Each structure stands twice: as C-alpha cells, then as structure tokens.
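Observations on the model geometry
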Amino acid sequence: MTLPYDLFPLLAVLVSFVATFFIVASYRNPNVREGWTLLAAVVKFGLVAAMLPGVLAGEVYETNIVTFLPGIEFALRADALGMLFAFLASGLWIVTSFYSIGYMRGNDEINQTRYFAAFAVSLSATMGIAFAANLVTIFVFYELLSIATYPLVAHDEDEEARSAGRKYLVYTMFGGGVLVLAGTVMVYWLAGTVAFTAGGIQELANADPGLAMIAFFLLAIGFGVKAGLMPLHQWLPVAMVAPTPVSGLLHAVAVVKSGAFGVSRVVLDVFGPELVFNLSLPWGFSAGLVLSTIAAITLTAASLIALRKDHLKQRLAYSTVSQLSYIVLGLGLFGWYGLVGALLHIPAHAFMKLTLFFCAGCIHVETHTDYISEMAGIGKRMPVVMGAFTVAAAGMAGIPLLAGFVSKYYMLIGGIQMGAELTPVAYYLVGALLLSGVLNVAYFWPVVYTAFFEAEDDHDAKPLVDFRLGGERRSTLAATDGGRPSDDEESGATDDATDEADGDATDDAPIPDAEGSDGADGTDGPDGAGDARTDDEGVIRPDFAASGRDFSKPAERVDTGDYAVDQRPSDADVPFGVGRSADTDTSDDHDDTRDAHASHDDGAHGQDDHGDGGHGDHDDGHGDHDDGHGGHHGGPPPGGWERIRGLDALRGRESTWFMLGPILTAMTLAVMLGVIPYEMGFLELVEFIVDTRLPEEVARP
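Quick caveat, the model's predicted, so the values are computed rather than measured.

**Considerations on the overall build of the protein chain**
If you tally the helices and strands in the protein chain, you get 26 helices and four strands. Within the span of the protein chain, comprising 701 residues, buried residues form 57% of the whole. Of all intrachain contacts in the protein chain linking residues separated by at least 6 positions in sequence, the fraction that spans at least 24 positions is 76%. Split by element, the accessible area of the protein chain, about 27000 Å² in all, is 59% carbon and sulfur.

Pasting the structure below:
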C-alpha cells in the first residue's frame, strides 16, 4: 500500500511535530532523544524530496483540511515555490541537528530536551509556511513559528534572554502578525479569496488601486518584519543571545527565510509581478520599486552598522539584515533576471550564512572567544573552521564560483535591464547592490585578516571596529601574572593607576628628589625629597632610591581599561558582552575561567564521554554553567594559541566532527551552488517558478 502524494505535505508538517513527543519522553537518555531528532529530520527530508520530481513536472499536491468560509480554507499545497523553501529547510535541518548535538553537549548547555523539542516544533511550523495554500494558512503557521522559537531565543533563562524573547514576540507575532492578518482581511474583501494563484489573484487587478496598494504593503511589511527590513529589524540582533544553532535557525533556515518567503508569496502568488509593477505611486514609483527602495536602504545601512560591530554574532546578525534585503530588492525588480536572482538568493544565503554561524559557534565552544578583536592569530588554532569561514564570507561578498555570486549576478542584470527598458530608477538599485558588495568585503575581511595575518602579541586593532582612525597596536595575550584586577581594585586603585599608565601623572606632577622637595617652592614632597636633581646637561634625573619601590622586581601590571577586550562602545547594546562583566558576579571567576579555557586548547574535548547517557541531568540546570554570556573573557591563553596542523584537525583536535562535519557540509553546498546550480536542482526549480509567474512578454529571454 502506497500513500497518495496529496498527503505528503501534511505528513511533512506532522513528522517533526510527532517526534516532539518522543524527544520529550526520552529526556533521561540523551542519545535516544537526539536519535529521534535525527530520524525525524531524515524522514521529513525524504517526504519532501519524494515530491520534487512531480513538482518539477508541473504537479501540485494539495491537502484540504477544513473550510472556514467560501474562499477561506485551511489547506496545504506543495507547488514549485513552496518546494523551494521546504526542500531547503528540511535538508538543512539534518545538518543543523548534527551541529546542535556537538554544540549543546560541548558547551554544556542547560535544558537540552526543551531545546530539541522546540527545534522540532519550529520545523513543523516552517513546513506549514512552505506548503501553505493560502494567506490564512500561512498566517497560522507564521504565528506558530514565533511561539515555537520563543523558548529557543530565551533559552538561557536570564533577564537578557527573556528580554530578547519578549522583543522577538512583540515584533514578529504582535507586530508582523497583525499586519499580515489585516492584509489578509483586505485581500479577501477585495477579491473574495485568499488562495495563492501563480501569477496573482485576477480579481485584485480589477480592484480599487488605492485599496490594493494598502493591502500589498500591509502584507509585504508584515512578512518583512521577519525578513529584518528596517526599521523593524531590532529584534534580530538582540536575538543573538540565543545559542548559536538557534542563530543559524533564525538567520539561515526558518524565521528570516519565512519572512522573505512570505514576501515572495505576496509578490508572485497574491498580487503577481505585473500588478505589483503597475500599482503606481507619485514621482514614477510603483509599489515594487518602493519595496525595492526600502530593501536597498536596509541593505546599505545594515552593512554600515556591521562594520562597527566587534562581537562576531552581532556582525553576522546585521549581515543577515543586509543579505535578506537582497531577496526583497530582487522581488521588486519586474523582469525575469531580477526574480530569478531573488529566489536563488534564498538557498545561496542559507548555505553561506549557516556556515558562518556554525563557525562562530565552534569558535565559542572551543575557545570561548566571541569578539573579533580577540581573534588575532586564531587561524592557527582553528584552521579548518576559519578556512570555511573565509570561503563563506567570500561567497557573501559575491566572489565568483560561490553561491552569492550567481544570485547577485542575476539581480544586477535584472536591475540594468529594468533601468534600460522600464524606468531609470532601477539604476539606483543596481548602485546599491554594488555598494553593498564592497561593504561586504569591508566587514568580513577584518575577521579573516585578524585570524590568519595577525599575531597575538602584536595585534592591530582595526579602526572600523572601535578605535581611532589608523588603528592601534595591541596585544591580545592574556596576562601571565593573574589577569585583570578584581572589581574592588578597579573601583579605586585602578583609576589612579590608569592616569599613571597614560602618562598624566608624569606630565603634571612634580618629580621628587632625595632632598624632600617637590618643586622650586621648597615644600616637602610626598617622599620627603628636596629640589629636583639635574645632571650636567640640565636634564632632571629623579632619584629612584627615594621612591620606595623595589626596582629589582617587575612593576605591577596595570589594566588601563583601554584595551580592545575592555572597551566596546559600539557593542554597548550587547547584554552578554565582556564589557558588561562589572555588572555581574562573575568577575572573581575570570582568572579561573581563562585558565580553564587555556587548557581547553589542547583538543581534549571530552565529547566521546557524552554517549553514555551522562547528560540526562542537563535539564535540571548546571549551577556554575557558563556559556560565555556571563562576562567570560575570551582571546588567546597565556603563551598564545596552540598551532593545530591539518592532519591533527582532521583527527578531531580542532573540534569534534559533530561540529566540523556540518560546517564543511554547509560550506560545500555553498560552493556547489556557485559552480553547478543546475545540477543541484535549485536554479532549475527557480526558473520554473519564475516562468509560471510572469506574463509571456516578459518571460525567459
């Protein structure tokens, strides 16, 4: 007996939801729990992949669950556009599941059962968005995705995590969701249906243009909240307090992609590309051009902000805001090339950004280093990870033979074609694309340069991060005499020591000599010295014997407070950064933590011991658990990074293969999409989608 293919969209949604119960029931045995996660991921991908050949042949698989009103149904349908998102998300869930096991165990995270359960529900909601047959269905799953991902954002359960979770819900559920619902009501009022139709709902073309335009922007902005369009993007950088696999889920697979996918549905299957271009606004702008202009402003502004972010995940967060705007910008370009580039950037960005976040998480687990200014020379400690980071960063910048180049090339051609044939305004969008490519290089290159071409003991603090123009020479090596002073010392003695270290005391205060005077007025100095002594050339030579200091011993180490690891004004909004350590109770543990992680560099991770079920008590809390959010100082250990050779890295000394495997897999997918996009199936699928959405006169060239 074979199941009808029409049930496959429903089964693809349900499989991970059902797996959630087995995951929760297996909380006492982590190996079984994570086995259910992997099994559900593989089954889900198999169901989606089984529908792909039929969809490419023009088949549509639909399951009607319930009808609320005429024209309003709760239904699932697997068409070409939905298959693009579903195939991508289900495939990357397998990769992310393996990575999550390595990350959560390696970082000794709390509440791991809740994490995997919420992860599974999130993927069910994502499949529902992908296979939604109409606006009502996609709205339901859109809101369910916000609810399911809240425990992931607030995973750490501290005040900062809960605050980030609340902001996430306010923006995506009560902000974007309300706009989507309002737009859905207006579309039903204008057209009498909310069903997705390839090329757009015909009744909307005959509706009042003003009302149709209002409905369009309600839906586009509502979905654009999850896509990170400015100024509704603030939830996204704050959500970086979550564990790194969650960041990968939010930024590469599910949440932001659901927003971009929702905008795609609105442009291609609700209003249609032709109507979006014909909805006119003053000064020659159409609704599509306004949407593209908002995206162009977002991608430029987000790239400029990313330049100033020293926290690696924060820089990647603003990079996501920028890169998702490429998709929205391309959707506003009326033409074959622009739409192909926009849809192809969905998988391209997913592969590249997932690689980058996986690398950032691996760096955190293995070295507890989160700040770029602390990563000088880290390439010799993590050659494979930083090599993969470099490849993915190059792809984000649009370097040829990588995924980002192909999608951006199509969008550039689409913008030039639209500017030459339809409206010169499109040329400005082309300029924004080119400028953003340059800015991508500008904010990714410092990470690569710092990792591979800087030394721990002679590190150039980059002027585009937190430092004055021209940079500053710094050492990121940890102190070998006990580290930084305690909070009590910092509050008093350190202030005076800072002035001394900066030279203020030397410049302004009189120099005592052995006679007990501090200057020409003959008053007694602090040491009872007399007038300042001079040599034969009239140069003041202080008598060091009168200072009371034993110069046979090294001078006391002074933290002046102006090092890259101490001052991060651009990251003042990061509640879990190093600069906030004075507000926590973890300062007394800094030295112990740094020593512990210095020994962590020897590559002995203890991962192999996790298979015996000893992690069953993780859900009860960890007590002294420190995942790097509590003011831990990263950077190289005393003596600098240990150099790990290629073969040693492949043997698991750099990190476990639960993390290295997914990193290399995502990187390989990014390379393959740039070299053989047709053979991977994505470009063929995208071209099929666009061909069925455009009118004949503007179809494939």
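**Here we look at a nonpolar patch on the surface**
Together, Leu 14, Phe 17, Val 18, Phe 21 and Phe 22 line one region of the surface with nonpolar side chains, adding up to about 470 Å² of accessible area. Tracing the backbone shows Phe 21 in helix H1 (residues 8-25).

**A closer look at the packing of aromatic side chains**
Using the criterion set out here, one finds 27 aromatic pairs in the structure. With a centroid separation of 6.2 Å and 65° between ring planes, the pair formed by Trp 336 and Tyr 410 is classed as edge-to-face. Taken as a pair, Trp 336 in helix H15 (residues 336-367) and Tyr 410 in helix H17 (residues 403-421) lie far apart in primary sequence, 74 residues in all. Of the two residues examined, Trp 336 and Tyr 410, each falls in the buried class. A centroid spacing of 6.1 Å and a plane angle of 40° characterise the contact between Trp 445 and Phe 453, whose relative ring orientation is tilted. An aromatic cluster of at least three residues, connected via ring pairs, comprises Trp 336, Tyr 337, Phe 405, Tyr 409 and Tyr 410. Here the basic side chain of Lys 226 rests over the ring of Tyr 142, its NZ or CZ set 3.6 Å away from the ring centre.

**Quick look at the pattern of salt bridges**
One pass over the structure, following the stated rule, counts ten salt bridges. A single salt-bridge network, built from bridges that share partners, covers Arg 77, Asp 79, Arg 265, Asp 269 and Arg 693.

**So, the side chain of Thr 20**
Assignment of secondary structure puts Thr 20 in helix H1. By relative accessible area, Thr 20 is classed as buried at 11%. Setting aside anything within four residues of it in sequence, one finds Thr 20 in contact with Ala 117, Ala 120 and Val 121.

**Quick look at the packing of helix H3 (residues 80-106) against helix H26 (residues 682-691)**
In helix packing, the relevant descriptors are the interaxial angle and the interaxial distance, both defined with respect to the helix axes. For the pair H3 and H26, interaxial distance at closest approach is 9 Å and the crossing angle is 155°. Classified by the interaxial angle, the pair formed by H3 and H26 is roughly antiparallel. Note on packing geometry: the crossing formed by H3 with H26 is left-handed. Judged by residue contacts, Ala 80, Leu 81, Met 83, Leu 84, Phe 87 and Leu 88 of H3 engage Phe 682, Leu 685, Val 686, Phe 688 and Ile 689 from H26. Its residues assigned to classes, the contact of H3 with H26 shows eleven nonpolar, no polar and no charged.

**Structural notes on the pairing of strand E2 (residues 72-78)**
Counting buried residues along E2, six of its seven residues qualify, which places the element largely inside the surrounding structure. For strand E1 (residues 61-69) and E2, the ladder comprises seven bridges, and the chain directions are antiparallel. Along E2, the bridge assignment pairs Thr 63 with Leu 76. Hairpin geometry of E1 and E2 is characterised by an intervening segment of two residues between the two adjacent antiparallel strands and by a positive phi of about 90° at Gly 71.

**Comments concerning the side chain of Thr 298**
Along the polypeptide, Thr 298 turns up in helix H13 (residues 287-307). Of note is the side chain of Thr 298, whose polar atom sits 3.2 Å from the backbone nitrogen of Met 230. Discounting chain neighbours no more than four positions away, the residues touching Thr 298 are Gly 228, Leu 229, Met 230, Val 321 and Ser 325.

**Observations regarding unusual backbone geometry**
With an omega of 5°, the peptide bond between Met 230 and Pro 231 qualifies as cis. In this structure, Pro 231 sits in the loop between helix H8 (209-226) and helix H9 (235-238). A positive phi angle, near 55°, is found at His 368, a position not held by glycine. In this model, Leu 401 sits at a positive phi of 75°, which is unusual for a non-glycine residue. Turning to its location among the elements, Leu 401 is positioned in the loop between helix H16 (383-396) and H17.

**Points about H3**
Its 27 residues place the ends of H3 39 Å apart at the C-alpha level, agreeing with the 39 Å of an ideal helix rising 1.5 Å per residue. Of all the bends found along H3, the most pronounced is centred on Trp 93 and spans about 25°. Burial of H3 is extensive: 25 of the 27 residues sit out of reach of the surface. In the segment just after H3, Asp 108 is the residue with positive phi, at about 55°.

**Quick word on the nonpolar core**
Counting 195 residues, the largest nonpolar core has Phe 131, Val 187, Phe 216, Phe 271, Leu 343 and Phe 389 as its most contacted members. Ranked by residues supplied to this core, first place goes to H15 with 20 residues. When near neighbours in sequence (up to four residues on either side) are disregarded, Phe 271 contacts Val 187, Gly 199, Gly 200, Leu 204, Ala 212, Ala 215, Phe 216, Leu 219, Val 266 and Val 276.

**Quick look at the environment of Leu 92**
Note that Leu 92 resides in helix H3. Sequence separation between Leu 92 and Ala 254 is 162 residues; the distance between their C-alpha atoms is 9.8 Å. In this structure, Leu 92 is in contact with Val 253, Ala 350, Phe 351, Leu 354 and Leu 669, ignoring residues within four places of it in sequence.

**Here's the deal with the environment of Ser 286**
Topologically, Ser 286 is positioned in the loop between helix H12 (273-278) and H13. Residue Ser 286 is classed as buried on the basis of its relative accessible area, which comes to 4%. Setting aside chain neighbours within four positions, we find Ser 286 in contact with Val 276, Phe 277, Leu 279, Ser 280 and Leu 281.

**So, the packing of helix H14 (residues 312-331) against H15**
Between H14 and H15, whose axes approach to 8 Å, the crossing angle comes to 170°. Judged by the inter-axis angle, H14 sits roughly antiparallel to H15. Here Leu 312, Lys 313, Leu 316, Ala 317, Ser 319, Thr 320, Gln 323, Leu 324, Tyr 326, Ile 327, Gly 330 and Leu 331 of H14 come into contact with H15, specifically with Gly 338, Leu 339, Ala 342, Leu 343, His 345, Ile 346, His 349, Lys 353, Leu 356, Phe 357, Ala 360 and Ile 363. For the contact of H14 with H15, a count of residues per class yields 15 nonpolar, seven polar and two charged.

**Re the confidence of the model for the protein chain**
Predicted confidence across the protein chain gives a mean pLDDT of 77, with 74% of residues reaching 70 or more. When mean pLDDT is compared element by element in the protein chain, H16 scores highest at 93, while helix H22 (residues 590-600) scores lowest at 40. Across residues 481-530 the pLDDT falls below 50, and counting only partners more than four positions away or on other chains, this stretch makes 77 contacts in the model. Contacts of residues 559-632 to residues separated by more than four positions or lying in other chains number 160 contacts, the stretch itself having pLDDT below 50.

**Things to note about the state of the cysteines**
Within the structure shown, the criterion is met by zero disulfides. Free of any disulfide, Cys 359 has its nearest cysteine sulfur in Cys 362, 7.4 Å distant. Overall, the relative accessible area of 0% leaves Cys 359 in the buried class. By relative accessible area, which is 0% here, Cys 362 ends up buried.

Procedures and definitions
- Residues numbered from 1 in each chain as written.
- Predicted model: local features only at pLDDT ≥ 70, side-chain atom pairs only at ≥ 80, totals over all residues.
- Heavy atoms only, no water.
- Helix = DSSP H or I, 4+ residues; strand = E, 2+ residues; numbered from the N terminus.
- Buried < 20%, exposed > 50% of the residue type's maximum accessible area, 1.4 Å probe, protein only.
- Contact = heavy atoms within 4.5 Å.
- Areas by Shrake-Rupley, 256 points an atom, 1.4 Å probe, with all protein chains shown as cover.
- Patch = residues over 30% accessible without salt bridge, like charges linked within 9 Å, V, L, I, M, F, W, Y side chains within 5 Å.
- Salt bridge = Lys/Arg side-chain N within 4 Å of Asp/Glu carboxyl O.
- Phe/Tyr/Trp six-rings, centres within 6.5 Å; stacked < 30°, edge-to-face > 60°.
- Lys NZ or Arg CZ within 6 Å of the ring centre and 35° of its normal.
- Axes fitted to C-alpha atoms, helices over the stretch in contact; angles between N-to-C directions.
- Parallel < 35°, antiparallel > 145°, perpendicular 65-115°, else oblique.
- Left-handed = near helix turned anticlockwise from the far one by under 90°.
- Nonpolar A, V, L, I, M, F, W, Y, C, P; charged D, E, K, R; others polar.
- Pairing = 2+ DSSP bridges.
- Polar contact = N/O pair within 3.5 Å; in protein donor to acceptor, adjacent residues only side chain to side chain.
- Expected span 1.5 Å × (residues − 1).
- Bend = angle between axes of the 7 residues up to and from the residue.
- Core = buried A, V, L, I, M, F, W, Y, C linked by side-chain atoms within 4.5 Å.
- pLDDT = per-residue confidence, 0-100.
- Disulfide = S-S within 2.5 Å.

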